[in-house]
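# Observations on the three-dimensional arrangement
Spelled out from the first residue to the last, the chains are:
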Amino acid sequence: MTIKAKLVPTLVVGSVLATSVAIADDGLENYRNRFEALPYLPPIPANNSLTEAKIELGNMLFFEPRISSSGVISCATCHNPALGWADRIPRAVGHDGQIGERNTPTVLNSGFLGSQFWDGREPDLEGQALGPIEAPVEMAMELDVALERLIGFELYQEKFSAAYPGQEEPITDDNLAHALATFQRTLNTPNSPFDRYLHGDQEAISEQAKEGMVAFVDNGCIACHRGPALTDSQFHAIQVPGSTDLGRYIVTGQESDKYRFRTPTLRNVAVTYPYMNNGATETLEEAVAIMGQEMLGREFNDDTVTNITAFLHTLTGEMPDFEVPALP
(Lines give C-alpha, C1' and ligand atoms only; values in the text may rest on other atoms or scores of the structure.)
Protein backbone atom coordinates (compact mmCIF):
# COMPACT_ATOMS: atom_id res chain seq x y z
CA MET A 1 0.00 0.00 0.00
CA THR A 2 1.63 3.23 -1.18
CA ILE A 3 1.33 6.32 0.99
CA LYS A 4 1.83 9.82 -0.41
CA ALA A 5 2.11 12.11 2.59
CA LYS A 6 2.30 15.86 2.84
CA LEU A 7 2.31 18.36 5.70
CA VAL A 8 -0.66 20.65 6.09
CA PRO A 9 -1.46 23.54 8.48
CA THR A 10 -2.94 22.96 11.92
CA LEU A 11 -5.92 20.60 11.86
CA VAL A 12 -8.67 20.41 14.45
CA VAL A 13 -9.87 16.83 14.97
CA GLY A 14 -12.89 16.71 17.28
CA SER A 15 -11.72 18.40 20.45
CA VAL A 16 -8.07 17.57 19.76
CA LEU A 17 -5.77 20.24 18.37
CA ALA A 18 -3.03 18.68 16.25
CA THR A 19 -0.24 20.76 14.74
CA SER A 20 1.31 19.81 11.40
CA VAL A 21 -0.60 16.56 11.14
CA ALA A 22 0.55 14.45 8.22
CA ILE A 23 -2.38 13.99 5.88
CA ALA A 24 -1.90 11.11 3.49
CA ASP A 25 -3.58 9.89 0.36
CA ASP A 26 -3.67 6.17 1.11
CA GLY A 27 -6.07 5.32 -1.69
CA LEU A 28 -8.76 4.08 0.69
CA GLU A 29 -11.29 6.89 0.44
CA ASN A 30 -14.00 4.55 -0.86
CA TYR A 31 -13.55 2.41 2.24
CA ARG A 32 -13.39 5.31 4.69
CA ASN A 33 -16.61 6.69 3.26
CA ARG A 34 -18.43 3.56 4.41
CA PHE A 35 -17.92 4.55 8.04
CA GLU A 36 -19.12 7.34 10.35
CA ALA A 37 -17.16 8.97 13.14
CA LEU A 38 -18.75 8.82 16.58
CA PRO A 39 -20.34 12.11 17.71
CA TYR A 40 -19.73 13.39 21.21
CA LEU A 41 -23.39 12.97 22.17
CA PRO A 42 -26.18 10.66 20.95
CA PRO A 43 -29.65 11.95 20.02
CA ILE A 44 -31.44 13.48 23.02
CA PRO A 45 -35.17 12.62 23.33
CA ALA A 46 -37.63 15.48 23.50
CA ASN A 47 -39.11 14.20 26.75
CA ASN A 48 -35.80 13.92 28.60
CA SER A 49 -33.62 16.96 28.13
CA LEU A 50 -29.95 16.74 29.05
CA THR A 51 -29.28 18.95 32.08
CA GLU A 52 -26.41 19.16 34.53
CA ALA A 53 -28.77 18.49 37.44
CA LYS A 54 -30.08 15.29 35.88
CA ILE A 55 -26.59 14.14 34.91
CA GLU A 56 -25.37 14.65 38.49
CA LEU A 57 -28.37 12.82 39.93
CA GLY A 58 -28.08 9.99 37.42
CA ASN A 59 -24.40 9.63 38.25
CA MET A 60 -25.24 9.18 41.94
CA LEU A 61 -28.03 6.70 41.22
CA PHE A 62 -25.79 4.66 38.92
CA PHE A 63 -23.43 4.02 41.85
CA GLU A 64 -26.16 3.72 44.50
CA PRO A 65 -26.34 0.16 45.94
CA ARG A 66 -29.26 0.88 48.25
CA ILE A 67 -31.71 0.65 45.36
CA SER A 68 -30.94 -3.08 45.33
CA SER A 69 -32.58 -5.61 47.64
CA SER A 70 -29.28 -6.56 49.26
CA GLY A 71 -28.05 -2.99 49.51
CA VAL A 72 -24.71 -3.94 47.95
CA ILE A 73 -25.40 -4.09 44.17
CA SER A 74 -25.51 -0.99 42.00
CA CYS A 75 -25.63 -0.44 38.24
CA ALA A 76 -21.86 0.03 38.42
CA THR A 77 -21.42 -3.46 39.87
CA CYS A 78 -21.95 -5.01 36.44
CA HIS A 79 -21.09 -1.88 34.46
CA ASN A 80 -17.72 -1.18 36.06
CA PRO A 81 -15.91 1.91 34.68
CA ALA A 82 -12.58 0.17 35.21
CA LEU A 83 -13.68 -2.78 33.05
CA GLY A 84 -14.96 -1.01 29.96
CA TRP A 85 -18.24 -0.26 31.77
CA ALA A 86 -19.00 -4.00 31.71
CA ASP A 87 -17.82 -6.80 34.05
CA ARG A 88 -15.50 -9.02 31.97
CA ILE A 89 -17.05 -12.23 33.17
CA PRO A 90 -19.03 -14.58 30.91
CA ARG A 91 -22.43 -13.98 32.52
CA ALA A 92 -23.51 -11.37 35.02
CA VAL A 93 -23.68 -12.24 38.72
CA GLY A 94 -26.54 -10.58 40.58
CA HIS A 95 -28.64 -10.84 43.75
CA ASP A 96 -27.69 -13.63 46.13
CA GLY A 97 -24.95 -14.81 43.77
CA GLN A 98 -27.34 -15.75 40.98
CA ILE A 99 -25.79 -16.05 37.53
CA GLY A 100 -27.76 -14.58 34.66
CA GLU A 101 -28.19 -16.14 31.23
CA ARG A 102 -26.39 -13.43 29.27
CA ASN A 103 -23.15 -11.52 29.07
CA THR A 104 -23.24 -7.95 30.37
CA PRO A 105 -23.15 -5.46 27.49
CA THR A 106 -21.19 -2.26 27.99
CA VAL A 107 -23.19 0.91 28.59
CA LEU A 108 -20.62 2.93 26.64
CA ASN A 109 -22.28 4.66 23.66
CA SER A 110 -25.57 2.97 24.54
CA GLY A 111 -27.48 6.11 23.63
CA PHE A 112 -26.65 5.44 19.98
CA LEU A 113 -28.41 2.06 19.98
CA GLY A 114 -31.80 1.55 18.36
CA SER A 115 -32.94 -0.73 21.20
CA GLN A 116 -31.68 -2.00 24.54
CA PHE A 117 -30.79 -5.45 25.95
CA TRP A 118 -29.59 -8.38 23.82
CA ASP A 119 -33.19 -9.14 22.86
CA GLY A 120 -34.20 -5.51 22.24
CA ARG A 121 -37.10 -5.68 24.65
CA GLU A 122 -36.85 -1.96 25.45
CA PRO A 123 -36.65 0.75 22.80
CA ASP A 124 -34.51 3.25 24.70
CA LEU A 125 -32.45 3.96 27.80
CA GLU A 126 -35.46 5.26 29.72
CA GLY A 127 -37.22 1.94 29.21
CA GLN A 128 -34.10 -0.01 30.08
CA ALA A 129 -33.17 1.81 33.27
CA LEU A 130 -35.56 0.20 35.74
CA GLY A 131 -35.37 -3.37 34.40
CA PRO A 132 -32.17 -4.39 36.21
CA ILE A 133 -33.44 -2.89 39.48
CA GLU A 134 -36.57 -5.06 39.44
CA ALA A 135 -35.09 -8.21 37.88
CA PRO A 136 -34.92 -11.02 40.50
CA VAL A 137 -31.62 -12.25 39.13
CA GLU A 138 -30.03 -8.78 39.16
CA MET A 139 -30.89 -6.20 41.86
CA ALA A 140 -34.17 -7.85 42.96
CA MET A 141 -35.71 -4.65 44.27
CA GLU A 142 -39.34 -3.55 44.27
CA LEU A 143 -39.51 -0.05 42.86
CA ASP A 144 -41.71 1.37 45.61
CA VAL A 145 -39.21 0.18 48.21
CA ALA A 146 -36.30 1.64 46.22
CA LEU A 147 -38.08 4.99 46.07
CA GLU A 148 -38.80 4.90 49.81
CA ARG A 149 -35.12 4.38 50.48
CA LEU A 150 -34.22 7.38 48.33
CA ILE A 151 -36.89 9.54 49.97
CA GLY A 152 -35.26 8.79 53.31
CA PHE A 153 -32.18 10.82 52.36
CA GLU A 154 -32.42 14.61 52.45
CA LEU A 155 -29.67 14.88 49.84
CA TYR A 156 -31.68 12.84 47.33
CA GLN A 157 -34.73 14.98 48.04
CA GLU A 158 -32.62 18.03 47.16
CA LYS A 159 -31.08 16.45 44.05
CA PHE A 160 -34.39 15.21 42.64
CA SER A 161 -35.98 18.63 43.28
CA ALA A 162 -33.10 20.33 41.46
CA ALA A 163 -33.33 17.91 38.53
CA TYR A 164 -37.12 18.12 38.29
CA PRO A 165 -38.07 21.61 39.51
CA GLY A 166 -41.70 22.41 40.15
CA GLN A 167 -42.74 18.86 40.98
CA GLU A 168 -44.30 18.44 44.40
CA GLU A 169 -43.00 14.88 44.80
CA PRO A 170 -40.10 14.48 42.35
CA ILE A 171 -38.79 11.12 43.62
CA THR A 172 -40.77 8.89 41.24
CA ASP A 173 -39.95 5.81 39.22
CA ASP A 174 -40.26 7.83 36.00
CA ASN A 175 -37.77 10.45 37.21
CA LEU A 176 -35.46 7.72 38.47
CA ALA A 177 -35.42 6.15 35.00
CA HIS A 178 -34.94 9.48 33.25
CA ALA A 179 -32.02 10.47 35.48
CA LEU A 180 -30.23 7.15 34.94
CA ALA A 181 -30.82 7.39 31.18
CA THR A 182 -29.49 10.96 31.11
CA PHE A 183 -26.27 9.98 32.84
CA GLN A 184 -25.79 7.00 30.53
CA ARG A 185 -26.14 9.25 27.47
CA THR A 186 -22.96 11.03 28.59
CA LEU A 187 -20.92 7.80 28.62
CA ASN A 188 -19.55 8.08 25.12
CA THR A 189 -16.11 7.40 23.68
CA PRO A 190 -15.35 9.68 20.73
CA ASN A 191 -11.97 10.47 19.23
CA SER A 192 -10.73 6.89 18.90
CA PRO A 193 -7.75 6.32 16.59
CA PHE A 194 -10.21 5.26 13.91
CA ASP A 195 -12.27 8.43 14.39
CA ARG A 196 -9.12 10.51 13.98
CA TYR A 197 -8.36 8.55 10.84
CA LEU A 198 -11.83 9.27 9.48
CA HIS A 199 -11.35 12.96 10.29
CA GLY A 200 -8.18 13.06 8.20
CA ASP A 201 -5.24 11.92 10.32
CA GLN A 202 -4.29 8.90 8.27
CA GLU A 203 -1.33 8.13 10.49
CA ALA A 204 -3.71 7.53 13.41
CA ILE A 205 -3.98 3.81 12.63
CA SER A 206 -1.46 1.28 11.39
CA GLU A 207 -1.16 -0.24 7.94
CA GLN A 208 -2.33 -3.54 9.40
CA ALA A 209 -5.44 -1.87 10.80
CA LYS A 210 -6.14 -0.36 7.37
CA GLU A 211 -5.85 -3.82 5.84
CA GLY A 212 -8.30 -4.97 8.50
CA MET A 213 -10.73 -2.18 7.58
CA VAL A 214 -10.58 -3.31 3.96
CA ALA A 215 -11.20 -6.94 4.98
CA PHE A 216 -14.04 -5.82 7.27
CA VAL A 217 -15.79 -4.16 4.32
CA ASP A 218 -14.94 -6.68 1.60
CA ASN A 219 -16.09 -9.65 3.66
CA GLY A 220 -19.43 -8.06 4.50
CA CYS A 221 -18.97 -7.34 8.24
CA ILE A 222 -20.13 -3.79 7.59
CA ALA A 223 -23.57 -5.01 6.53
CA CYS A 224 -24.54 -5.39 10.21
CA HIS A 225 -21.82 -3.33 11.90
CA ARG A 226 -22.39 0.11 10.45
CA GLY A 227 -23.23 3.64 11.53
CA PRO A 228 -21.45 5.65 14.24
CA ALA A 229 -21.74 2.86 16.85
CA LEU A 230 -20.96 0.14 14.30
CA THR A 231 -24.26 -1.64 14.79
CA ASP A 232 -27.45 -1.72 12.76
CA SER A 233 -29.43 -2.34 15.99
CA GLN A 234 -31.23 -5.13 14.15
CA PHE A 235 -31.60 -8.78 15.15
CA HIS A 236 -29.73 -11.63 13.54
CA ALA A 237 -29.76 -15.36 14.16
CA ILE A 238 -26.57 -16.94 15.37
CA GLN A 239 -25.85 -20.31 16.95
CA VAL A 240 -23.34 -19.36 19.62
CA PRO A 241 -21.35 -22.33 20.96
CA GLY A 242 -22.71 -23.44 24.33
CA SER A 243 -25.81 -21.22 24.21
CA THR A 244 -29.44 -22.39 24.31
CA ASP A 245 -30.77 -18.83 24.68
CA LEU A 246 -33.76 -18.27 22.37
CA GLY A 247 -33.00 -14.55 22.10
CA ARG A 248 -35.63 -12.23 20.64
CA TYR A 249 -38.14 -15.09 20.43
CA ILE A 250 -38.65 -14.66 24.20
CA VAL A 251 -39.91 -11.13 23.49
CA THR A 252 -41.99 -11.64 20.34
CA GLY A 253 -42.96 -15.33 20.37
CA GLN A 254 -42.30 -15.37 16.64
CA GLU A 255 -40.67 -18.58 15.41
CA SER A 256 -38.49 -16.56 13.04
CA ASP A 257 -36.96 -14.72 16.01
CA LYS A 258 -35.44 -17.81 17.63
CA TYR A 259 -31.73 -17.32 18.38
CA ARG A 260 -31.82 -13.74 17.10
CA PHE A 261 -29.91 -11.11 19.06
CA ARG A 262 -29.33 -7.41 18.58
CA THR A 263 -26.10 -6.63 16.79
CA PRO A 264 -23.67 -5.47 19.49
CA THR A 265 -21.70 -2.27 19.06
CA LEU A 266 -18.08 -2.73 18.08
CA ARG A 267 -17.02 0.49 19.77
CA ASN A 268 -14.46 -0.39 22.50
CA VAL A 269 -14.86 -4.07 21.67
CA ALA A 270 -11.20 -4.71 22.49
CA VAL A 271 -11.82 -3.84 26.17
CA THR A 272 -15.29 -5.37 26.65
CA TYR A 273 -14.46 -9.06 26.51
CA PRO A 274 -15.60 -11.85 26.76
CA TYR A 275 -17.89 -12.01 23.74
CA MET A 276 -21.22 -13.31 22.42
CA ASN A 277 -24.53 -13.35 24.28
CA ASN A 278 -23.28 -15.99 26.71
CA GLY A 279 -19.75 -14.63 27.12
CA ALA A 280 -18.22 -17.97 26.17
CA THR A 281 -15.81 -16.50 23.61
CA GLU A 282 -12.73 -15.24 25.41
CA THR A 283 -10.65 -13.53 22.72
CA LEU A 284 -11.36 -11.04 19.98
CA GLU A 285 -9.57 -13.22 17.46
CA GLU A 286 -11.84 -16.14 18.29
CA ALA A 287 -14.90 -13.89 18.03
CA VAL A 288 -13.84 -12.66 14.58
CA ALA A 289 -13.38 -16.23 13.36
CA ILE A 290 -16.75 -17.35 14.75
CA MET A 291 -18.59 -14.41 13.19
CA GLY A 292 -16.97 -15.16 9.85
CA GLN A 293 -18.21 -18.74 10.03
CA GLU A 294 -21.67 -18.19 11.52
CA MET A 295 -22.76 -14.94 9.92
CA LEU A 296 -20.82 -14.81 6.66
CA GLY A 297 -20.18 -18.46 5.87
CA ARG A 298 -16.47 -17.75 5.53
CA GLU A 299 -13.39 -19.41 6.97
CA PHE A 300 -11.07 -16.48 7.61
CA ASN A 301 -7.38 -17.27 7.30
CA ASP A 302 -4.99 -16.23 10.06
CA ASP A 303 -3.95 -13.02 8.32
CA THR A 304 -7.55 -11.89 7.85
CA VAL A 305 -8.37 -12.59 11.51
CA THR A 306 -5.25 -10.72 12.65
CA ASN A 307 -5.91 -7.75 10.39
CA ILE A 308 -9.58 -7.38 11.33
CA THR A 309 -8.62 -7.67 15.00
CA ALA A 310 -6.05 -4.88 14.55
CA PHE A 311 -8.79 -2.73 12.99
CA LEU A 312 -11.17 -3.44 15.89
CA HIS A 313 -8.52 -2.29 18.37
CA THR A 314 -8.59 1.16 16.75
CA LEU A 315 -12.23 1.56 17.87
CA THR A 316 -11.29 2.08 21.52
CA GLY A 317 -12.10 5.72 22.20
CA GLU A 318 -11.51 8.23 24.96
CA MET A 319 -13.23 7.05 28.13
CA PRO A 320 -15.89 9.40 29.55
CA ASP A 321 -14.94 11.98 32.13
CA PHE A 322 -16.92 11.37 35.32
CA GLU A 323 -16.53 11.29 39.08
CA VAL A 324 -17.38 8.48 41.45
CA PRO A 325 -19.94 10.32 43.60
CA ALA A 326 -20.01 10.75 47.33
CA LEU A 327 -23.26 9.08 48.39
CA PRO A 328 -25.36 10.13 51.40
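In the block above lies the structure referred to throughout.
Residues numbered from 1 in each chain as written. Predicted model: local features only at pLDDT ≥ 70, side-chain atom pairs only at ≥ 80, totals over all residues. Heavy atoms only, no water.

### Description of the overall build of the protein
Across its full length, the protein carries 13 helices and six strands. For 328 residues, the compact-globule estimate of 2.2 N^0.38 gives 20 Å, and the protein sits close to it at 21 Å. Overall, the protein is about 65 × 50 × 30 Å in size when its C-alpha atoms are taken along their principal axes. For the protein, with 328 residues in total, the buried portion stands at 50%. Restricting to contacts in the protein with at least 6 residues of sequence separation, those with at least 24 account for 67%. With the model as given, the accessible surface of the protein reaches about 15200 Å², and the carbon-plus-sulfur share is 50%. A gap of 6 Å separates the mean positions of the 22 positive and 45 negative side-chain charges of the protein. (Helix = DSSP H or I, 4+ residues; strand = E, 2+ residues; numbered from the N terminus. Rg over C-alpha atoms; globule rule 2.2 N^0.38 Å. Buried < 20%, exposed > 50% of the residue type's maximum accessible area, 1.4 Å probe, protein only. Contact = heavy atoms within 4.5 Å. Areas by Shrake-Rupley, 256 points an atom, 1.4 Å probe, with all protein chains shown as cover. Lys, Arg positive; Asp, Glu negative; His and termini not counted. Charge placed at Lys NZ, Arg CZ, Asp CG, Glu CD.)

### Comments concerning unusual backbone geometry
Pro 274 follows Tyr 273 through a cis peptide bond whose omega is -5°. Considering the arrangement of structural elements, one finds Pro 274 in the loop between strand 6 (260–262) and helix 12 (284–296). Here Phe 117, not a glycine, exhibits a phi torsion of approximately 75°, which is positive. Take Phe 117: it is sitting in the loop between helix 3 (75–78) and helix 4 (125–129). Non-glycine residue Leu 230 carries a positive phi angle of around 55°. Within the secondary structure, Leu 230 sits in the loop between helix 10 (207–218) and strand 5 (235–237). Residue classification places Leu 230 among the buried positions, given a relative accessible area of 2%.

### Re helix 6 (residues 143–151)
Note that an α-helix has 3.6 residues per turn; residues three or four places apart therefore point the same way. What helix 6 keeps buried is the set Leu 143, Ala 146, Leu 147 and Leu 150. Across the axial projection of helix 6, the buried residues extend over an arc of 95°, all falling on one side. Among the structural elements, helix 2 (52–62), helix 5 (131–134), helix 7 (154–163) and helix 8 (173–184) are those in contact with the buried residues of helix 6. (Arc of directions from axis to C-beta.)

### Focus on the packing of helix 12 against helix 13 (residues 302–313)
Viewed as axis vectors pointing N to C, helix 12 and helix 13 meet at an angle of 115°, and their least axial separation amounts to 9 Å. When you trace helix 12 past helix 13, the crossing you get is right-handed. Across from Leu 284, Glu 285, Val 288 and Ala 289 in helix 12, the residues of helix 13 making contact are Val 305, Ile 308, Thr 309, Leu 312 and His 313. (Axes fitted to C-alpha atoms, helices over the stretch in contact; angles between N-to-C directions. Left-handed = near helix turned anticlockwise from the far one by under 90°.)

### Side note on the environment of Asn 278
By the element assignment, Asn 278 lies in the loop between strand 6 and helix 12. Along the chain, Asn 278 and Val 93 lie 185 residues apart, while their C-alpha atoms are 13 Å from each other. Contact partners of Asn 278, with chain neighbours within four places excluded, come to Pro 90, Arg 91, Glu 101, Asn 103, Val 240, Pro 241, Gly 242 and Ser 243.

### Thoughts on helix 12
In a regular helix each residue adds 1.5 Å, so 13 residues correspond to 18 Å; helix 12 covers 17 Å between its end C-alpha atoms and thus fits that length. Of the positions making up helix 12, those classed as buried are Leu 284, Ala 287, Val 288, Ile 290 and Gly 292. Turning to helix 12, the residues buried within the fold contact helix 13. Count one or two residues on from helix 12 and you reach Gly 297, which has phi positive near 65°. (Expected span 1.5 Å × (residues − 1).)

### Some thoughts on the side chain of Asp 26
If you trace the backbone, Asp 26 turns up in the loop between strand 4 (22–25) and helix 1 (29–32). Among the polar contacts made by the side chain of Asp 26, one reaches the side chain of Tyr 197 at a distance of 2.7 Å. (Polar contact = N/O pair within 3.5 Å; in protein donor to acceptor, adjacent residues only side chain to side chain.)

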